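Observations on the three-dimensional arrangement
As a plain string of letters, each chain reads:
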Amino acid sequence: MGIRFLKIAAIYLFVGALLGGYMGATENFALAPVHAHLALLGWASLALAGLIYHLYPAAALTPLARIHFWLHNIGLPFFMLALGLVLTGHTAAVPIVSISAASVIIGLAAFTANVLMNVKANNQEEAGRRTPL
């Protein structure tokens, strides 16, 4: 599961960079919030989740990890497309922004619950904390 998160994070990085390059070339920064969300919710958040799932495979094997993956990655593309439409004056897309953002947030709630329940210190980390100075 961790590798799947890392691979899709790399795609979001590339798409965000393309959008940033387009905005710079056209000197039109109306879509800057989309660019920022792609970077943070796409690249950074998914890459960090991928690393966490890679380092803590027990968390990666839970239904919460699958819920996180699918809600985040179904919601985020619709969120970004709809947000882009709203930012360019197509206010009819506001409900899509709300629904798709809620999907991402519920996915992030699943991730948070998964980390709190299933990411535990391993024996070496615990031993390191108990080492006297």
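See the structure shown above.
Keep in mind that what you see is a predicted model, and the values were worked out from it rather than measured.

Let us now look at unusual backbone geometry. Residues other than glycine seldom take positive phi values, yet E27 does so here, at roughly 55°. Looking at where E27 falls in the secondary structure, it is placed in the loop between α1 (2–26) and α2 (32–55). According to the relative accessible area criterion, E27 is exposed, its value standing at 66%.

Okay, a nonpolar patch on the surface next. Residues I11, F14, V15 and L18 make up a contiguous nonpolar surface patch of roughly 400 Å² in combined accessible area. What makes V15 partly exposed here is its relative accessible area of 37%.

Two numbers describe a pair of aromatic rings. These are the distance of the centres and the angle of the planes. Evaluated as defined, the whole model comprises four aromatic pairs. An angle of 50° between the planes, with centres 5.1 Å apart, marks the rings of F5 and Y53 as tilted. Here the residue F5 occupies a position in helix α1, and Y53 occupies one in helix α2, the gap between them amounting to 48 residues. With respect to class, F5 is no different from Y53; both count as buried. Three or more aromatic residues link up through ring pairs in this structure, and these residues are F5, Y53, F69, W70 and F111. In this structure, R4 packs its charged tip against the face of F69, placed 5.3 Å from the ring centre.

Rules used in this analysis
Residues numbered from 1 in each chain as written. Predicted model: local features only at pLDDT ≥ 70, side-chain atom pairs only at ≥ 80, totals over all residues. Heavy atoms only, no water. Helix = DSSP H or I, 4+ residues; strand = E, 2+ residues; numbered from the N terminus. Buried < 20%, exposed > 50% of the residue type's maximum accessible area, 1.4 Å probe, protein only. Patch = residues over 30% accessible without salt bridge, like charges linked within 9 Å, V, L, I, M, F, W, Y side chains within 5 Å. Areas by Shrake-Rupley, 256 points an atom, 1.4 Å probe, with all protein chains shown as cover. Salt bridge = Lys/Arg side-chain N within 4 Å of Asp/Glu carboxyl O. Phe/Tyr/Trp six-rings, centres within 6.5 Å; stacked < 30°, edge-to-face > 60°. Lys NZ or Arg CZ within 6 Å of the ring centre and 35° of its normal.

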